[in-house]
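Architecture at a glance
Listed here are the chains, written in short residue letters.
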Amino acid sequence: ATARRTPEGGLLKVDAEGTVYDDAKGEIRARFTDKGVACTKVEGGRLSVKKVSKTFEFKTDTKVPKVGLMMVGIGGNNGTTVCATVLANRHNISWSTKTGPVQPNYIGSLIRASTLRLGFDPETGKDVNIPFSDVLPMVHPNDLVLGGWDISAMPLDKAMSRAQVLDYDLQRQLFPLMQKMGKPLPSVYYPDFIAANQEDRADNLIEGTDKLQHLEHIRKDIRDFKAEHGLDKVVVLWTANTERYSELIDGVNDTADNLMNAVKNSHEEVSPSTLFAIASILEGCPYINGSPSNAFVPGCIELAERHKAFIGGDDFKSGQTKLKSVVAEFLVNAGIKPLSIASYNHLGNNDGKNLSSQRQFRSKEISKSSVVDDMVAANPLLFKPAEELNAEAAAKGVDGEVTKKGEHPDHLVVIKYAPAVGDDKRALDEYYSELLMGGRNTLSVFNICEDSLLATPLILDLTILAELMTRVTYRQLPSETASEEEVADIEFQPLYSVLSLLSYMLKAPLVKPGTDVVNSLNRQRNALETFMKACLGLEHNGDLLLDTRVW
Ligand code: NAD
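The sections below set out a description of the structure shown in this document. (Residues numbered from 1 in each chain as written. Predicted model: local features only at pLDDT ≥ 70, side-chain atom pairs only at ≥ 80, totals over all residues. Heavy atoms only, no water.)

**Examining the overall build of the protein chain**
Note the threshold: Helix and strand definitions follow DSSP, with helices as H or I runs of at least four residues and strands as E runs of at least two, each counted in order from the N terminus. Here the radius of gyration uses the C-alpha set of atoms, whereas the globule reference equals 2.2 Å times the residue count to the power 0.38. Relative accessibility decides the category of a residue: with a 1.4 Å probe and only protein chains considered, values under 20% of the type maximum give buried, values over 50% give exposed, and everything between is partly exposed. By the convention used here, residues are in contact when the closest approach between their heavy atoms is within 4.5 Å. Throughout, the Shrake-Rupley method with a 1.4 Å probe supplies accessible areas, and for residues the shown protein chains are the sole cover considered. A residue counts as positive if it is Lys or Arg and as negative if it is Asp or Glu; His and the chain ends are not included. Charged side chains are reduced to one point each, which is NZ for Lys, CZ for Arg, CG for Asp and CD for Glu.
Helix and strand counts for the protein chain come out as 16 helices and 18 strands. Here the C-alpha atoms of the protein chain give a radius of gyration of 25 Å, agreeing with the 24 Å that 2.2 N^0.38 yields for 551 residues. C-alpha extents for the protein chain along the principal axes are approximately 70 × 65 × 55 Å. For the protein chain, with 551 residues in total, the buried portion stands at 50%. Put simply, of all contacts in the protein chain between residues at least 6 apart along the chain, 73% involve residues at least 24 apart. Of the roughly 26200 Å² of accessible surface on the protein chain, a fraction of 52% belongs to carbon and sulfur atoms. For the protein chain, the separation between the mean place of its 61 positive charges and that of its 74 negative charges on side chains is 2 Å.

Right, dumping it as structure tokens:
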């Protein structure tokens, strides 16, 4: 069911003023008024609240292009599982397990396996839910052309076996198809960035040490892949090992120009992941960072802005953190105060082996740690902000600032490598909270599943959504009722470079510099739903359900 195709011409047609389907041009244009509430602190600590709105027109190109997905780290657990999943779905390969036959599917994909509430049926009053994939024209994962790089030369059929993720009966049937994909393209390997224990894998390398030449090599790989397969677009996605953080150095990676210079000088702090990001930006391909490293150094973000290219990151939000971004929000929104959140993981795949090295673990620790920050900051009733703590201290006669940080639950993240459990990662979380009148609550969650089977649908969703966002342009209109003549001269432009709408799939969402990060899974999903409906000129209907509340 998750591989079904949207009916020819789309599942829905919006009949509303301001929404225009231009079949000749292959586009949908829709007006959408974004309504907000501006709150300004006035004297006495009160809030002056005003309704504000901006009207936009979105234009969605409805022709679904032929898309290639190039993965950096294609020979790893995620990379090979993505290839195997797409091939099994494309060729409709079912397989036997001890509990019976299994059909290929895209379970775990927001786009392919979840629905959204579009509206209601006027006759019955019942909700009408439709698959996410039917809202706007999107690439079907079966149609993605797959390729990519790996520092390991192992051919993809063997690499799939090395990953030990999929049932043998499925692997057996996929061998000839995976064999046809050959071996990964050679990649760049700067040993200092990933764990030393990865060295024996690195036998498929682009020659030389000149980083500018490496950049040109990767750019050519992208162009060649596009030409060879007759592709309209390519999305590049990093699913290679987690790198250590690049040091942020003024004059090296702080601006786009400095970063390009640093590449020319083969500066040691230019990481492979940043190099792939630069190559993708310069080739006009969206680039997604599925690992927690800081590939997107400030200069790289500026480069993407300069080229109006799209980037998204960081770190797939697959299991433990996804649940945490739900449970922590549930607790805080219920008015319960988490005092500590302690997370333990052990895993036995190559990702775990790489993360057993301290500097690579540190990248992951940072990425996993910020996930409750916005929920905590949103509730000063439970968690005292820094100003309040400082004011309290001053009242007690303490001189000067005591803290820059507000109250926060203790947050602990531990990851250990246990080869025996393979890709079946174990994640244990303890939420210890304060209840009414001094009470305490301990919630313990123990989560076991194949890590790569969680990450694979995210990789597909990220690719499909990033591609869709390259086909949406917008212009801001002077008013909701502006006439066509009035707006004729206003140009459409692409969305902002950092695709924060992809946050639902990412642990440490990259957002427009200076704007708030939203970690709450519900809010992230809501943003996506609202955006997709806005492209059709539909208001997002929340859960007011007024008809059911009035006589
Ligand atoms: P993996 O170790 O099995 O695969 C990574 C692959 O990248 C390996 O084949 C390795 O040879 C290759 N590689 C390393 N450096 C490279 C380079 N410079 N160029 C090209 N290839 C290179 O790991 P995995 O389980 O597939 O995970 C991949 C990444 O996704 C990791 O960074 C991991 O932290 C991240 N991630 C995974 C999950 C998940 O649920 N599986 C969740 C969040 C993040």
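**Topic: the sheet that holds strand β13 (residues 337-347)**
Cut-off, in case you're wondering: In this scheme, strands are said to pair when DSSP sees at least two bridges between them. Inter-axis angles, ranging from 0 to 180 degrees, are taken between N-to-C directions of lines fitted to C-alpha atoms, where helices are fitted over the stretch in contact.
Here we have 4 strands laid out as an open sheet, ordered β14-β13-β15-β16, and mixed in their pairing. The open sheet terminates on both sides in strands that have one partner only, identified here as β14 (410-417) and β16 (440-450). The mean inter-strand angle of the sheet, taken between neighbouring strand axes irrespective of direction, is 10°. Bridge analysis of β13 against β14 gives 8 bridges, and the strand direction is parallel.

**Brief notes about the packing of aromatic side chains**
The test is simple: Stacked, tilted and edge-to-face are the three classes applied to pairs of Phe, Tyr and Trp rings, where Trp contributes its six-membered ring and a pair requires centres within 6.5 Å; stacked means planes under 30 degrees apart, edge-to-face means over 60, and tilted covers the rest. In this scheme, the term charge over a ring applies when either NZ of a lysine or CZ of an arginine sits within 6 Å of the ring centre and within 35 degrees of the ring normal.
Counted by the stated rule, this structure contains 7 aromatic pairs. With 6.2 Å between their ring centres and 20° between their planes, Phe56 and Phe58 make a pair best called stacked. Looking at Phe58, the relative accessible area reads 8%, which means it is buried. Among the aromatic residues, those joined into a cluster by ring pairs are Phe56, Phe58, Tyr474 and Phe531. Sitting over the ring of Tyr21, Lys13 keeps its end group 4.7 Å from the ring centre.

**A word on the site of the ligand**
Where we set the bar: We define proximity as follows: a residue is near a molecule or strand when any one of its heavy atoms falls within 4 Å of that partner. N or O atoms closer than or at 3.5 Å make up a polar contact, with two conditions inside protein: a donor-capable atom paired with an acceptor-capable one, and, for residues adjacent in sequence, both atoms drawn from side chains.
Surrounding the ligand, one finds 29 residues, the nearest of these being Asn78, Asp150, Ser187, Val188 and Asn350. A distance of 2.7 Å is found between a nitrogen atom of the ligand and a side-chain nitrogen or oxygen belonging to Ser187. A distance of 3.1 Å is found between an oxygen atom of the ligand and a side-chain nitrogen or oxygen belonging to Asp451. About the coverage of the ligand: the protein hides 99% of its 840 Å² of free accessible area.

**Re the packing of helix α7 (residues 272-282) against helix α8 (residues 298-306)**
So the rule is basically this: An angle below 35 degrees is treated as roughly parallel, one above 145 as roughly antiparallel, one from 65 to 115 as roughly perpendicular, and anything else as oblique. Think of it as three bins: nonpolar holds Ala, Val, Leu, Ile, Met, Phe, Trp, Tyr, Cys and Pro, charged holds Asp, Glu, Lys and Arg, and polar takes everything else, Gly as well.
With their axes 10 Å apart at the nearest point, α7 and α8 run at an angle of 10° to one another. As summarised for this structure, α7 and α8 are arranged roughly parallel, according to the angle between their axes. Counted together, Ala277, Ile278, Ile281 and Leu282 of α7 and Cys300, Leu303 and Ala304 of α8 form the full contact between these two elements. Here the contact of α7 with α8 is built from residues that sort into 7 nonpolar, no polar and no charged.

**A short note on the layout of surface pockets**
Rules: Here the term cavity refers to a set of points on a 1 Å grid, laid over the protein atoms alone, in which a 1.4 Å probe fits but cannot get out; the term pocket refers to an open set having protein on both sides within 12 Å along at least five of seven lines, with lining residues being those that place an atom within 4 Å of a point. Grid points are joined across faces, edges and corners, and a volume is the space filled by probe spheres set on the points.
Taken as a whole, the largest pocket holds about 1600 Å³ of empty space. Lining the largest pocket are 44 residues, with Asp34, Ser500, Leu501, Ala527 and Phe531 positioned closest to its centre. The element best represented in the lining of the largest pocket is helix α16 (residues 521-534), accounting for 7 residues. Broken down by class, the residue content of the lining of the largest pocket amounts to 21 nonpolar, 13 polar and 10 charged. By volume, the second largest pocket is sized at about 680 Å³. Around the second largest pocket sit 28 residues that line it, and Thr6, Pro7, Gly9, Gly10 and Pro137 are the ones nearest its centre. Contributing elements (two or more residues each) for the lining of the second largest pocket: β1 (19-22) and β2 (27-41).

**Side note on the nonpolar core**
We apply this condition: For the purposes of this section, nonpolar cores are sets of buried Ala, Val, Leu, Ile, Met, Phe, Trp, Tyr and Cys residues that join through side-chain atoms within 4.5 Å.
If you look at the biggest cluster of nonpolar residues, it comprises 69 residues, and the most contacted ones within it are Phe58, Met71, Leu174, Leu465, Leu502, Met505 and Met532. By residue number, the principal contributor to this core is helix α14 (residues 451-470), which donates 10 residues. What Leu502 contacts, discounting residues up to four positions off in sequence, is Ile288, Gly312, Leu462, Leu465, Ala466 and Met469. Formed by 41 residues, the second largest nonpolar core is a distinct cluster that contains Tyr190, Val270, Ile281 and Ile311.

**Overview of the pairing of strand β10 (residues 233-238)**
Within β10, 5 of the 6 residues are buried, which leaves the element mostly enclosed by the surrounding structure. Note: strand β4 (residues 67-72) against β10, 6 bridges, orientation parallel. Residue Val72 lies in a different strand from β10, and its bridge partner there is Trp238. Sheet topology note: the β10/strand β11 (residues 287-289) ladder contains 3 bridges and is parallel. Of the residues in β11, the one forming a bridge with Trp238 is Asn289.

**A short note on helix α9 (residues 320-333)**
Let me state the cut-off plainly: Multiplying one less than the number of residues by 1.5 Å gives the expected span of a helix.
Taking 1.5 Å as the rise per residue, α9 with 14 residues should run 20 Å; its terminal C-alpha atoms sit 19 Å apart, in good agreement. Across the 14 residues of α9, 10 count as buried, placing the element largely inside the fold. Those residues of α9 that sit buried are Gln320, Thr321, Lys322, Lys324, Ser325, Val327, Ala328, Glu329, Leu331 and Val332. With its phi angle positive at about 80°, Gly335 sits one or two positions after the end of α9.

**Side note on the pattern of salt bridges**
What counts is decided by this rule: Every case where a carboxyl oxygen of Asp or Glu lies within 4 Å of a side-chain nitrogen of Lys or Arg is listed as a salt bridge.
Taken as a whole and judged by the stated rule, the model has 26 salt bridges. Residue Glu392 pairs with Lys384 through a salt bridge whose shortest N-O separation is 3.0 Å. For Glu392, a relative accessible area of 31% corresponds to the partly exposed category. Taking the relative accessible area as the measure of exposure, Lys384 reaches 29% and is therefore partly exposed. A salt bridge links Glu529 to Arg525; the nearest nitrogen and oxygen atoms lie 2.6 Å apart.

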